[in-house]
Amino acid sequence: MSAATTRSRTQRTPRTPDRLCAEAIGLARAAAEEAAAPGVVGEHVEVVVEGDRVVTHLFECKEMGYRGWRWAVTVARASRAKVVTLDETVLLPGPDALLAPEWVPWSERLRPGDMGPGDLLPTDAEDLRLEPGYSGEDEPPPNSVLSEDMAERVEAEDAEVTAGAPADLTVAPARGSLAAIADELGLRRARVLSRYGLHTAADRWEEAYGPKTAMAQAAPAPCVSCGFLVPIGGSLGQAFGVCANEFGPADGRVVSLSYGCGGHSEAAVMPKPPRPSPPVLDETKVDVLPLRPAPDSGSVLPVGVGEDLGHS
């Protein structure tokens with residue numbers, strides 16, 4: 001039989017614990033109670049063989065907040081010795097122990113809305129959402145369109161429309177330089193959004209206010225044709241805008257042009273109130289009716305007509 005076969009069979013065969021070490025339950029309990037608070041060490045659970053003449057006694061832990069944990073007390077015995085000695089006492093989680101969740105860095109725990117007034121959110125130097133922008137420190141290359149020759153020409157043209165010589169001005173004109181154009185376009189920043197940052201922002205906005213939402217599925221028309229949509233600049237303006245309908249669900253939010261809601265400006269035009277038809281009977285007019293008939297109405301007899309001739 002080869003050595004490998006013998007080693008594999010030995011590993012599969014459970015070790016028999018040392019008799020004296022396995023019987024030292026009292027020594028192990030006393031060590032656990034000394035390390036723990038009174039009344040925390042529970043019943044003896046099992047004996048685990050750690051090696052030759054080395055075993056670990058496991059006791060239940062009754063400490064609040066440590067459900068399923070065990071007090072592990074390791075004892076050992078020297079070769080040919082009859083005295084069992086204490087090795088260590090620790091508190092270890094069991095197979096069904098209540099454990100704390102895995103630690104997550106704060107940058108991954110942060111969620112939208114967690115920041116409050118006065119909070120600072122530092123960005124990593126290698127943040128994938130950002131890329132270096134133009135800060136004005138680099139000189140234009142010699143073959144640049146905005147070369148020194150072009151800048152001198154622009155300064156000469158600007159001197160014709162500027163009162164006084166350029167040397168007499170407090171600030172020399174910087175027209176024609178790359179820094180001036182970058183400042184005018186709002187690009188003179190240390191870092192700007194990268195393509196990855198643009199894509200993640202677009203995916204996040206489209207998930208919240210995009211065409212696949214339940215509100216957009218039931219909308220009569222998309223936001224691209226709504227009068228309450230405020231366009232935005234940049235490349236994201238081709239797919240997003242800002243809602244300005246105070247009664248809409250996305251007021252003040254960045255919405256996709258394919259988003260929609262029931263507050264669309266052209267969804268339903270308010271009809272004019274109907275004008276009432278002229279009345280058939282004028283109920284405001286008062287008709288005067290006499291209490292007695294008029295003398296010329298024909299219902300009243302003249303005086304002397306129809307009088308009785310007298311009595312016999």
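What counts, and at which threshold
- Residues numbered from 1 in each chain as written.
- Predicted model: local features only at pLDDT ≥ 70, side-chain atom pairs only at ≥ 80, totals over all residues.
- Heavy atoms only, no water.
- Pairing = 2+ DSSP bridges.
- Helix = DSSP H or I, 4+ residues; strand = E, 2+ residues; numbered from the N terminus.
- Axes fitted to C-alpha atoms, helices over the stretch in contact; angles between N-to-C directions.
- pLDDT = per-residue confidence, 0-100.
- Contact = heavy atoms within 4.5 Å.
- Expected span 1.5 Å × (residues − 1).
- Core = buried A, V, L, I, M, F, W, Y, C linked by side-chain atoms within 4.5 Å.
- Buried < 20%, exposed > 50% of the residue type's maximum accessible area, 1.4 Å probe, protein only.
- Disulfide = S-S within 2.5 Å.
- Phe/Tyr/Trp six-rings, centres within 6.5 Å; stacked < 30°, edge-to-face > 60°.
- Polar contact = N/O pair within 3.5 Å; in protein donor to acceptor, adjacent residues only side chain to side chain.
- Salt bridge = Lys/Arg side-chain N within 4 Å of Asp/Glu carboxyl O.
- Patch = residues over 30% accessible without salt bridge, like charges linked within 9 Å, V, L, I, M, F, W, Y side chains within 5 Å.
- Areas by Shrake-Rupley, 256 points an atom, 1.4 Å probe, with all protein chains shown as cover.

## Things to note about the sheet that holds strand β2 (residues 54–61)
Phase 1: The strand order across the open sheet formed by four strands is β1-β2-β3-β4, and the pairing between neighbours is antiparallel. Bordering the open sheet on either side are β1 (41–51) and β4 (84–93), each of which pairs with just one other strand. Pairs of neighbouring strands in the sheet enclose a mean axial angle of 25°, with direction left out of account.
Phase 2: Here strand β3 (residues 69–77) runs beside β4; their pairing, made up of nine bridges, is antiparallel. Across the sheet, the residue bridging to W71 is L91, located in β4.

## Concerning the confidence of the model for the chain
Residues shown with low pLDDT carry predicted positions that ought not to be read at fine detail.
Phase 1: Here the chain averages 77 in pLDDT, while 71% of its residues score no lower than 70.
Phase 2: Taken together, the stretch residues 1–13 has pLDDT below 50 and engages in two contacts with residues farther than four places along the chain or on a different chain.
Phase 3: Considering only residues more than four positions removed or in separate chains, one finds that residues 169–173, a stretch of pLDDT under 50, has five contacts.

## Remarks on helix α7 (residues 195–208)
Phase 1: Here α7 contains 14 residues, and its C-alpha end-to-end distance of 20 Å stays within 8% of the 20 Å for a straight helix at 1.5 Å per residue.
Phase 2: As for α7, its buried residues are in contact with β6 (191–193) and β8 (240–243).

## Quick look at the nonpolar core
Phase 1: Within the largest apolar cluster, 17 residues are counted, with the highest numbers of intra-cluster contacts made by V41, F59, W71, V73 and V75.
Phase 2: For this core, the secondary-structure elements that each account for two or more residues are α3 (25–35), β2 and β3.
Phase 3: For this core, the element with the most residues is β3, which contributes four residues.
Phase 4: Beyond its immediate chain neighbours, meaning those up to four positions away, F59 contacts I25, A28, R29, V41, G42, E43, H44, V45, W69, R70, W71 and V73.

## Observations concerning the state of the cysteines
Phase 1: All chains considered together, the criterion is met by zero disulfides.
Phase 2: Residue C223 stays outside any disulfide, its sulfur separated by 6.0 Å from that of C261, the closest cysteine.
Phase 3: By relative accessible area, which is 10% here, C223 ends up buried.

## Topic: the packing of aromatic side chains
Phase 1: One pass over the full model with this rule turns up three aromatic pairs.
Phase 2: When the ring of Y66 is compared with that of W69, the centres are 5.3 Å apart and the planes differ by 85°; the resulting orientation is edge-to-face.
Phase 3: Since its relative accessible area comes to 18%, W69 is described here as buried.
Phase 4: With a centroid separation of 5.6 Å and 90° between ring planes, the pair formed by Y209 and Y259 is classed as edge-to-face. One end of the pair, Y209, is in the loop between α7 and α8 (214–217); the other, Y259, is in the segment after β9 (254–256), and 50 residues separate them in sequence.

## Considering the sheet that holds β8
Backbone hydrogen bonds are what pair the strands of a sheet, in a parallel or an antiparallel way.
Phase 1: A sheet is described by the order of its strands in space; here three strands give the open sequence β7-β8-β9, paired in antiparallel fashion. Edge positions in the sheet fall to β7 (229–231) and β9, since each has one partner strand and no second. On average, adjacent strands in this sheet sit at an angle of 50° to one another, irrespective of strand direction.
Phase 2: Where β7 lies against β8, three bridges are found, and the strand directions are antiparallel. Opposite V230, over in β8, you have V242 as the bridge partner.

## Points about the environment of H264
Phase 1: As for its position among the elements, H264 is in the segment after β9.
Phase 2: Judged by its relative accessible area of 8%, H264 falls in the buried class.
Phase 3: Setting aside chain neighbours within four positions, we find H264 in contact with A221, P222, S225 and C226.
Phase 4: Within the local environment of H264, its side chain forms a polar contact with the backbone nitrogen of E266, the two atoms lying 3.0 Å apart.

## Here we look at unusual backbone geometry
Phase 1: Notably, R53 is not glycine yet its phi reads approximately 60°, a positive angle.
Phase 2: Examined against the element boundaries, R53 turns out to sit in the loop between β1 and β2.
Phase 3: Classification of R53 as partly exposed rests on a relative accessible area of 30%.

## Here's the deal with the pattern of salt bridges
Phase 1: Applying the stated criterion to the full structure yields three salt bridges.
Phase 2: As a salt-bridge pair, D18 and R77 come within 2.7 Å of each other at their nearest N and O atoms. Here the residue D18 occupies a position in the loop between α1 (3–12) and α2 (19–22), and R77 occupies one in strand β3, the gap between them amounting to 59 residues. For the pair shown, D18 and R77 are each scored as buried.
Phase 3: A salt bridge links E23 to R19; the nearest nitrogen and oxygen atoms lie 3.7 Å apart. Residue E23 shares its accessibility class with R19, and that shared class is exposed.

## A few points about a nonpolar patch on the surface
Phase 1: A cluster of nonpolar side chains, namely W106, L110, M115 and L121, defines an oily patch on the protein surface of about 360 Å² accessible area.
Phase 2: Checked against the element boundaries, W106 lands in helix α4 (residues 106–109).

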